[in-house]
Amino acid sequence: GDPELKTQPTSSVFYFKFNQERNGEETPLANENIRKAVSMSYDKQAFADTVLQNGSIPANGLVPAELATDPASGEDFRKQSGDLSTFDVKQAQEYWEKGLKELGVDSLTLEILGDDSENSKKALEFMQAQLTSNLPGLEINLRNVPFKVRLEADTKQDYDIEMSGWGADYADPINFLELFHSENGNNKSSYSNADYDALVESAQTNVSDLEGRWEDMLEAEKVLMETAGIAPIYQRAYAVLEKDYLKGFTTHLTGADKSFKWASIEGKE
């Protein structure tokens, strides 16, 4: 309720990466129904409200809100693409039962990898409670490690599920979508889909037909979400205190987080 409390949005989207191959062997997460079940089994709004408490919003797709607009209509990509991956316990349990049957098991034990900060520990504990209560027969072990150790584990694909994230280098959806192309160095999950790769490649190379390129990116995100290549969680925001006499202070989704060039103090006695 403090009038000085402001929300500073960012372009960073956090999500679960699903590792489909570990130590040379296929993991249970290579099963699409298992991935879909996990992706729909946690309450993102509750996570934002109770764990983050900083203005962050649920993410129901990979590309963040307010990043880029349709070259023809001017509509925001996130709004146009819509909610592609949402919380739905009933549907999650149906996918879960189907996936377990396909794997020939009645239970699974999976590990979630994350950072060792207090916030990350709270986040993973919340997810552990959500997943195990909503998916019968699932046991979740948590592995909280220093950031550099997490990156090493990611590079080696030494994880089952990883809480990961990406912030925009530049204001274009392709900066997010290219991450999960089969040959992208940031993939590190063995996710591979020929249709997705073709759409990403088309968007990367098509500079003459901007509307066609935009449609390719919209379709690519749908393919990624429909196959649960990843499971989006939230788009990060920062909670900040800002005095009413601060004028001209500017924040940005890409590039520098803040600009003080036009900032000034006005009306302070």
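Structure's up top.
The following refers to the structure shown. For every chain, the first residue of the written sequence is number 1, and numbering continues from 1 onward in sequence order. Residue-level local features of this predicted model are given only where pLDDT is at least 70; pairs of side-chain atoms are given and counted only at 80 or more, and the full residue set underlies all totals for whole chains, interfaces and linings. Hydrogens and water are ignored here; the side-chain numbers use all heavy atoms of the structure.

1. Observations regarding the pairing of strand 8 (residues 230-241)
Point 1. The rule for pairing is simple: two strands pair if DSSP sees at least two bridges between them. Only runs of H or I of at least four residues qualify as helices and only runs of E of at least two qualify as strands under DSSP, and these elements are numbered from the N terminus. Two elements, strand 1 (residues 5-18) and strand 8, share ten bridges in a ladder whose sense is antiparallel. Paired with leucine 5 across the strands is leucine 241, a residue of strand 8.
Point 2. Pairing of strand 4 (residues 57-58) with strand 8 involves two bridges; the strand directions are antiparallel. Bridged to proline 58 within strand 8 is tyrosine 234.

2. Thoughts on helix 1 (residues 32-39)
Helical periodicity: at 3.6 residues per turn, an α-helix aligns residues three or four positions apart in one direction.
Point 1. Here's how the labels work: a residue is buried when its accessible area is under 20% of the maximum for its type, exposed when over 50%, partly exposed in between, all with a 1.4 Å probe on protein chains only. Burial analysis of helix 1 places seven of its eight residues in the buried class, which makes it a mostly covered element.
Point 2. Polar contacts, as used here, are pairs of N or O atoms within 3.5 Å; protein pairs need one atom able to donate a hydrogen and one able to accept it. Residues neighboring in sequence count only if both atoms are side-chain atoms. Sitting at the amino-terminal end of helix 1 is asparagine 31, which places a side-chain oxygen 2.9 Å from the backbone nitrogen of asparagine 33.

3. Re the packing of aromatic side chains
Point 1. Pairing of aromatic rings covers Phe, Tyr and Trp, the last counted by its six-membered ring, and requires centre-to-centre distances within 6.5 Å; plane angles under 30 degrees mean stacked, over 60 mean edge-to-face, and any other angle means tilted. With the rule as written, the count across this model stands at eight aromatic pairs.
Point 2. Measuring from centroid to centroid gives 5.4 Å for phenylalanine 16 and tyrosine 42, while their planes differ by 80 degrees, and the two rings are edge-to-face. Of this pair, phenylalanine 16 sits in strand 1 while tyrosine 42 is found in the loop between helix 1 and helix 2 (44-52), placing the two residues 26 residues apart along the sequence. In this pair, the class of phenylalanine 16 matches that of tyrosine 42, namely buried.
Point 3. Ring plane angle 80 degrees and centroid distance 5.2 Å describe the contact between phenylalanine 77 and tryptophan 214, whose orientation is recorded as edge-to-face. Within this pair, whereas phenylalanine 77 is found in helix 3 (residues 77-81), its partner tryptophan 214 is found in helix 9 (residues 210-226), the two being separated by 137 residues in sequence.
Point 4. The exposure class assigned to phenylalanine 77 is buried, which follows from its relative accessible area of 0%.
Point 5. Joined through ring pairs, the aromatic side chains of Phe14, Phe47, Phe126 and Tyr234 make up one cluster.

4. Re the environment of aspartate 115
Point 1. Its place among the elements puts aspartate 115 in strand 5 (residues 108-115).
Point 2. Sequence spacing of aspartate 115 and alanine 153 is 38 residues, and the spatial spacing of their C-alpha atoms is 11 Å.
Point 3. In this description, contact between two residues means that some pair of their heavy atoms is separated by no more than 4.5 Å. When sequence neighbours within four positions are dropped, the list of residues in contact with aspartate 115 reads Ser120, Lys121, Asn144, Val145, Phe147 and Arg150.
Point 4. Within the structure, the side chain of aspartate 115 is placed 2.6 Å from the side chain of arginine 150, a separation counted as a polar contact.

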